[in-house]
Structures are given as C-alpha cells and as structure tokens.
Amino acid sequence: MHRRHHLHRHRYRSLLSVITMMVLTLLIAPLHGSADSSSRLDDPDPASIPLPVLDDDDPAKAVVARVTFSSRTQATVDRTSVSLQRAHTHIGDPPILKLSLTDVDGQAIDRMNAWSPLWVYSHGDRERMDVKSGGSGSFIVPFSPALSTMTITDTALNRDVITVDVKPAIRDFCVSHPADPDCLESDLSVDSVEPRAPLFAVLGKPVTVSVASTVSNAGPDGPTDARVDRTVTAGTGVTVTPAEPETTEVALAVGTPRRLEKTYTVTCTQPGARTLDFTTAVAPERASVIDPQEANNRRTTRLTVDCAVPVTINIQPGTTRNPVNLNGGVLPVAALTTRAGEYGNPLAFDATTINAASLHFGSPSVLLLGGGVPEAHGRIHPENSLELDEVTRDRDLDAVLHFQPRSQALTPADTSACVLGRFAGPSGPLSFYGCDRVTVVP
C-alpha cells in the first residue's frame, strides 16, 4: 500500500508540474507583448514539453482480469492478461468491491477498493444509481512477480464473489518477455529418487522404506523458491502409510542440490512381488519464474517388494531350549507343512515344495541384508516324524533342512534364527520366512 501511495504522490507531483508550466507560459506571454508583433516570443509547443519522469521504480505493467457477473455473488473469468501499461489508481474508488491480492503462499500483497460493473447511473426524470442483475468489467491491478490470485469481494454483502488465478497470465507474459526484469529463468530438475527397503517383507508385518529425492537448479537465475511434490502409488497386495502426497517448499540455489528424505511404512497383504511407485516433481512457486526444460522436473522410481509367506520352523527338533553351539556341525531345522490358520499362519504351506537351492539360514538381521548360510546338502529331507511337529502332531509330511557353518549364521548375542527361501505356491514360486528362538552356548 505504501508503494502505491508513493506512486500516486509522484503522479500528482508530475501533473502539478505540467499545470504549473502551462500557467507560467500563459503568464509570461503577455509580458512580451507590444505593438510590434515581431518582438513577441513564439508560444511554446505543448508537444515539445518533455513528459515528467517518475523517480520511483514503478513497473509499466498491470494485470488485467475480465470478469462477467451473473449476479452480485456469482461471476466467471473471461480472460486474464498482463498489460504493458501502468495500472490506474484505485484511490478514491468507492468501497463497492474489494480486491485482495495474494502471493503463492496466501500472504497478502495488497488490498484496494474497486467499482462494480453492476453499478450504473440511470438518466430519467432524475439521475440515480441502479444495480444491474449482470454485467462485465475489467479489474486492473499493479503487476507483481509474486502475484498469484485476486479475490473479488462484495463489500456490502461481505461475501467473496470469485477468486481469479492470475498465474497463467503472468507465466504467458514471462514466456513472451524473457528479458523483462521481473521475469526469471531457472532450470529445475529432479536428479534422483532412491527408495531403500529391506530385502524382503513378511506378510502382515510392517517394514520401513526410506526414499531420498534430490532436486537442483541449473540456473541461470537463483536462488529460486520451488515446490517439491512427493507421491507414492501402491500396487495390489501392499499398503503404504502415509499415502497422502506431501509438498515441501525449498529455496534452490544455482548448483546446490537439495536432498529430501521421507519414510514410509509398508505392509504386505498378499504374497509375491508387489510394487510401489515413488514420484517426485519440482516446479517454481512463482509464475514469473520460467523453467525452460520441464521434461526433467519429474521422476518416478519403482520399488519391488518381495512379500514372503510366514511359516513355522523348528530348530533342533526334540528340544525346547534349542541350544546352538557356534562351533558345532550341521544344524538340523524342520520346516513344517501347515494349513491356513495353523500356528497362526495366514496361508497354507507345503514344506515338501521348498526349493533347496534358494535356502538361507541366519539371524533376522543377517537375512535382511542378504546373508546367511545355504542348505548343507543342497536338498530337503521330507519326514513325518512326530518330534518335528511338536504341537499339532498332524503327521503332515514336513521337511528337514541342514545348515553349516553355524558361526557364519549366528553370533553369541542372537536369540532367534530364521530360514528364508522359495517354494512352489498355488500360482507360482513364492518366498517364505520362518523363525524360532535359540540359545547360543559356548
């Protein structure tokens, strides 16, 4: 508001200068008059008088919004544009309408009164003011590179009529006038989207996935306020939290990339390979900042999660304490065949279909990093011994597995050991995962 008052003060001062010059011209001319007309000075040509130069930094631009009112409280935008002329003053306008100008963050830039195109003078027996039911008018406000919206409010009704998005008009202007001092150019880009996740996830057990996105500004102008949008799309058989998009505002200096981290909780609801698409997009916040290469403003990376079927294993069948000497020989582990719901497992599992070449044995932390020891004999040993299935004793055909060396699978501090592998599922190969408690002994 102070800037607009400053501008009007200069305009009034300039107008006063012109008027003063004209008055002085009229006053000086008679002083040179005489009977001899040849002695008179020629009157100055008004066109030769230079226009006053404003001593402030007022841009010779304005934002114009053409709006059609169907009633006092309803309107539509016909068009918006940027004019290479200064906006006229709104000082003295009656408080019929209020114009509220805001930036991209919703912060106020200016507020001013405006005349309504619905208010007209009628001439009849006497002059009076009428309010029409509809009409169109142009609203002209000073240009600002930060301008985002113009909200038109009916002051008497204290009701917003319409909010005009002026960003497209400012963007079109800056695309057409790249040398304008209010228009900047910044080549923003998403350089990478890198999800990090465990090697596998177990059905129904949440895991943490971290995603690092790197964005940058190649210039030439900066720093540039940018909006970074991050979204995730989960395929079937997997859920992700939070699922809502996230927007982050960052200031991108030229040649100084920014790395943004975000963490998600992922839960498998169906076995098999399940996908998550992580997308990051970057864009200038201000419409007056033009990005010449928008093709690199968006990047998507797909993460495939191996959702394993939970199964029941029995380490060293016949014992409950499961003592494990790290220097011992081959360690026997039984993988139990179970029905859906047995031992709390959600899906049925046939241990005789295990792929022996896929097996790994070790602590949970070792297996999650892709470690563990393989099956010692390269094959499984189907058995129906009662001591393999110590709880249900259902005489299913289970599988006995053997692993060594123990010292590469466990440490003295471990309290549980697990088996990870592949088996023949109903519609194709699937991963399975099962754990049992252990007591590591000297």
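Before reading on, note that the structure itself is shown above.
Residues numbered from 1 in each chain as written. Predicted model: local features only at pLDDT ≥ 70, side-chain atom pairs only at ≥ 80, totals over all residues. Heavy atoms only, no water.

> Would you mind showing me how to read the overall build of the chain here?
If you tally the helices and strands in the chain, you get three helices and 28 strands. For the chain, with 442 residues in total, the buried portion stands at 41%. Summarising the internal contacts of the chain: among those between residues at least 6 apart in sequence, 67% fall at separations of at least 24. Per element, the accessible surface of the chain, about 23,200 Å² overall, is 53% carbon and sulfur. (Helix = DSSP H or I, 4+ residues; strand = E, 2+ residues; numbered from the N terminus. Buried < 20%, exposed > 50% of the residue type's maximum accessible area, 1.4 Å probe, protein only. Contact = heavy atoms within 4.5 Å. Areas by Shrake-Rupley, 256 points an atom, 1.4 Å probe, with all protein chains shown as cover.)

> Is there a simple way to think about the side chain of Ser358 in this case?
As for its placement among the helices and strands, Ser358 is situated in strand S23 (residues 354-362). At a separation of 2.8 Å, a polar atom in the side chain of Ser358 contacts the main-chain amide nitrogen of Arg422. Beyond its immediate sequence surroundings of up to four residues, Ser358 is in contact with Leu420, Gly421 and Arg422. (Polar contact = N/O pair within 3.5 Å; in protein donor to acceptor, adjacent residues only side chain to side chain.)

> Would you take a moment to explain helix H2 (residues 167-176) for this structure?
An α-helix turns once every 3.6 residues. As a result, residues three or four positions apart point the same way. Taken together, the buried positions of H2 are occupied by Ala169, Ile170, Phe173 and Cys174. Buried positions in H2, seen along its axis, are confined to an arc of 130 degrees and lie on one side of it. In this fold, the buried residues of H2 make contact with strand S2 (74-83), strand S8 (147-154) and strand S18 (289-290). (Arc of directions from axis to C-beta.)

> What is the right way to look at the sheet that holds S2 in this model?
Paired through their backbone hydrogen bonds, the strands of a sheet run either parallel or antiparallel. Reading across the sheet, the three strands line up as S2-S1-S7 and stay open at both edges, with antiparallel pairing between neighbours. For this open sheet the edge positions go to S2 and strand S7 (135-142), each flanked by a neighbour on one side alone. Each strand of the sheet is rotated relative to its neighbour by a mean of 20 degrees, with strand direction disregarded. Pairing geometry for strand S1 (residues 62-71) and S2, over nine bridges, is antiparallel. Directly across from Val63, in S2, lies its bridge partner Val82. (Pairing = 2+ DSSP bridges. Axes fitted to C-alpha atoms, helices over the stretch in contact; angles between N-to-C directions.)

> Please clarify how the pattern of salt bridges should be interpreted in this entry.
Two side chains with opposite charge may pair up if their charged atoms get near one another. This model, assessed by the stated rule, comprises 13 salt bridges. Glu261 is the partner of Arg259 in a salt bridge, and the nearest nitrogen-oxygen pair spans 3.3 Å. On the accessibility criterion, Arg259 (46% relative accessible area) is partly exposed. Relative accessible area serves as the criterion here: at 44%, Glu261 is assigned to the partly exposed category. The salt bridge partner of Arg302 is Asp277, with a shortest N-O separation of 2.7 Å. With Arg302 in strand S19 (residues 298-310) and Asp277 in strand S17 (residues 272-284), this pair connects stretches of sequence that are 25 residues apart. Three or more residues are tied together by salt bridges with common partners; here these are Glu194, Arg196, Arg259 and Glu261. (Salt bridge = Lys/Arg side-chain N within 4 Å of Asp/Glu carboxyl O.)

> Help me understand the packing of aromatic side chains in this model?
For any two aromatic rings, the description comes down to two numbers: the centre-to-centre distance and the angle of the planes. Applying the stated criterion across every chain, the model contains eight aromatic pairs. Ring plane angle 55 degrees and centroid distance 5.9 Å describe the contact between Phe143 and Phe173, whose orientation is recorded as tilted. On the criterion of sequence distance, the pair formed by Phe143 in the loop between S7 and S8 and Phe173 in helix H2 is long-range, its members being 30 residues apart. Each of the two residues, Phe143 as well as Phe173, counts as buried. Taking 6.2 Å as the distance between ring centres and 70 degrees as the angle between the ring planes, the aromatic pair formed by Phe423 and Phe432 counts as edge-to-face. Given a relative accessible area of 0%, Phe432 falls into the buried group. The rings of Phe349, Phe423 and Phe432 are connected pair by pair, giving a single aromatic cluster. Directly above the ring of Phe143 sits Lys61, whose terminal nitrogen or CZ lies 4.9 Å from the centroid. (Phe/Tyr/Trp six-rings, centres within 6.5 Å; stacked < 30°, edge-to-face > 60°. Lys NZ or Arg CZ within 6 Å of the ring centre and 35° of its normal.)

> Whenever I open this one, a nonpolar patch on the surface confuses me. Can you help?
Together, Trp115, Tyr121 and Met129 give the surface a local cluster of nonpolar side chains, amounting to about 310 Å² of exposed area. Residue position: Trp115 is located in the loop between strand S4 (108-114) and strand S5 (119-122). (Patch = residues over 30% accessible without salt bridge, like charges linked within 9 Å, V, L, I, M, F, W, Y side chains within 5 Å.)

> What exactly am I supposed to notice about the state of the cysteines here?
One way to say it: the disulfide is the covalent bond shared by the sulfur atoms of two cysteines. Scanning all chains against the criterion turns up three disulfides. A sulfur-sulfur separation of 2.1 Å characterises the disulfide bridge that pairs Cys174 with Cys183. The sign of the -70 degrees torsion about the S-S bond sets the Cys174-Cys183 disulfide as left-handed. With relative accessibility at 6%, the residue Cys183 sits in the buried group. Each sulfur of the disulfide joining Cys418 and Cys435 lies 2.0 Å from the other. On the S-S bond that ties Cys418 to Cys435, the torsion sits near 105 degrees, and the link is right-handed. (Disulfide = S-S within 2.5 Å.)

> Looking at this structure, how should I read unusual backbone geometry?
Excluding glycine, residues mostly have negative phi values, and the peptide bonds linking residues are mostly trans. Here the bond from Gly219 into Pro220 is cis, since omega is 10 degrees, no more than 30 degrees from zero. Here Pro220 is to be found in strand S12 (residues 207-220). Residues Gly222 and Pro223 are joined by a peptide bond in cis, for which omega reads -5 degrees. Note that Pro223 resides in the loop between S12 and strand S13 (224-234). Within the chain, Gln316 stands out as a residue other than glycine whose phi angle is a positive 50 degrees. Structurally, Gln316 is set in the loop between strand S20 (313-315) and strand S21 (323-325). Residue Gln316 is classed as buried on the basis of its relative accessible area of 15%.

> Would you explain the pairing of S8 in this entry?
Taking burial as the measure, the eight residues of S8 include eight buried ones, the bulk of the element. Looking at chain direction, S8 and strand S9 (residues 159-165) are connected through six bridges and run antiparallel. By the bridge assignment for S9, Asp154 is matched with Arg159. Counted along the chain from S8 to the antiparallel partner S9, the turn is four residues long, and its residue Asn158 has a positive phi close to 55 degrees.

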